[in-house]
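Here's the letter readout for the chains.
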Amino acid sequence: MDVGLLLLRVIVGLLLAGHGAQKLFGWFGGNGIQGFTGWLASMGFHPARAWALLAGACEFAGGLLFALGLFSPLGSLAIGASMVMAISRVHWPKIWASEGGIELALINLSAVTAVGIAGPGAISLDRVLGTPLSSILSLIGVVIVLVVWIVGHVNSAARQARKAESS
């Protein structure tokens, strides 16, 4: 089981860290913070640069923490918040990734949730360093994810109302 958790953490964590690096630094063919900020602004996120930095940091730092199994469940929570926002504001209501849907974000959310609940396993820096965080942190994280989701929906509803008024 520990080897399975390690494989899941490393693959998902490093890919998500890379995805965050595309947004923050323009690595791996990404558009960097300027491009990501512009894209978020075009979707109605304000202040767009703050949202861009937050999303990129959640994916980059969260992915690294998740891959290393360090300060669990912070990596899961950071990634989870980013995936919930991506699902609710970018990909919903489509399902399949080939159509721009929730498929990949939901898979990522499921993986980090499962590891967040199960723990990082014996082959992790938390185990080596003895740095596990309490389950209270998990509860706080769930509340944060829900708040992010609610704020995303409230902002989306407000934006749609303004759009309807201006039409």
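Worth saying up front: this structure is predicted, and the values here are computed from it rather than measured.

*Asks:* Would you mind going over the overall build of the protein chain with me for this structure?
*Replies:* Scanning the protein chain for helices and strands turns up 7 helices and 0 strands. By the burial criterion, 40% of the 167 residues in the protein chain qualify as buried. Restricting to contacts in the protein chain with at least 6 residues of sequence separation, those with at least 24 account for 64%. On the protein chain, roughly 9300 Å² of surface is accessible, and the fraction owed to carbon and sulfur atoms is 73%.

*Asks:* Before we go on, may I ask you to explain the side chain of Ser 82 in this structure?
*Replies:* With respect to the helices, strands and loops of the structure, Ser 82 is situated in helix H4 (residues 74-91). Given the relative accessible area of 9%, Ser 82 is considered buried. A polar contact of 2.8 Å, which involves the side chain of Ser 82, links it to the side chain of Glu 59. Beyond its immediate sequence surroundings of up to four residues, Ser 82 is in contact with Ala 55, Cys 58 and Glu 59.

*Asks:* Explain the packing of aromatic side chains to me, please; I cannot follow it from the model alone.
*Replies:* The relative placement of two aromatic rings is captured by the distance of their centres and the angle of their planes. According to the stated counting rule, one finds 6 aromatic pairs in the structure shown. Between Phe 25 and Phe 60, the aromatic rings sit 5.3 Å apart at their centres with planes inclined by 85°, giving edge-to-face as the arrangement. Taken together, the residues Phe 25 in helix H1 (residues 2-25) and Phe 60 in helix H3 (residues 48-68) connect sequence positions 35 residues apart. Exposure remark for Phe 25: the relative accessible area of 42% places this residue in the partly exposed category. Members of the aromatic cluster, joined through ring pairs, are Phe 25, Trp 27, Phe 28 and Phe 60.

*Asks:* Even after reading the chapter, I still don't get helix H2 (residues 32-42), so can you show me in this structure?
*Replies:* Turn by turn, an α-helix covers 3.6 residues, leaving residues three or four places apart pointing in a common direction. Those residues of H2 not exposed but buried are Gly 32, Ile 33, Phe 36, Thr 37 and Leu 40. Down the axis of H2, the buried set is contained in an arc of 155°. They therefore lie on one face. Residues Gln 34 and Ser 42 are exposed on H2 and point more than 90 degrees away from its buried face. Those residues of H2 that are buried are in contact with H1 and H3. Among the residues trailing H2, Gly 44 stands out with phi positive, at a value near 95°.

*Asks:* I tried to follow the pattern of salt bridges on my own but got confused; where do I start?
*Replies:* When charged atoms on two side chains of opposite charge get close, those side chains can pair. Taken as a whole, this structure holds 1 salt bridge when the rule is applied. The closest approach of N and O atoms between Lys 23 and Glu 59, which form a salt bridge, is 2.8 Å. Of this pair, Lys 23 sits in helix H1 while Glu 59 is found in helix H3, placing the two residues 36 residues apart along the sequence. The buried category is assigned to Glu 59, whose relative accessible area is 2%.

The rules behind the values
Per chain, residue numbering runs from 1 following the sequence as it is written. Only residues with pLDDT of 70 or above have their local features reported here, since the model is predicted, and side-chain atom pairs are shown and tallied only from 80 upward, although totals for entire chains, interfaces and linings are computed over all residues. Neither water nor hydrogens contribute to the side-chain values; these are computed over all heavy atoms in the structure. Working definition: helices are DSSP H or I runs of at least four residues, strands are E runs of at least two. Numbering for both runs from the N terminus. The buried label applies to any residue whose accessible area, calculated with a 1.4 Å probe on protein chains only, is under 20% of its type's maximum; exposed applies above 50%, and partly exposed to all values in between. Note on definitions: a residue-residue contact is assigned when non-hydrogen atoms from the two residues lie within 4.5 Å. Accessible surface is estimated by sampling points in the Shrake-Rupley manner with a 1.4 Å probe; for residues, cover comes only from the protein chains shown. A 3.5 Å cut-off defines polar contacts: any pair of N or O atoms within that distance qualifies, except that in protein one atom must be a possible hydrogen donor and the other a possible acceptor, and neighbouring residues in sequence count only when both atoms are side-chain atoms. Between the rings of Phe, Tyr and Trp (Trp by its six-membered ring), a pair exists once the centres lie within 6.5 Å; its type follows the angle of the planes, with under 30 degrees stacked, over 60 edge-to-face, and the other angles tilted. Directions are taken from the helix axis to each C-beta atom, and the arc is the one they span. Salt bridge, as applied in this entry: a Lys or Arg side-chain nitrogen positioned within 4 Å of an Asp or Glu carboxyl oxygen.

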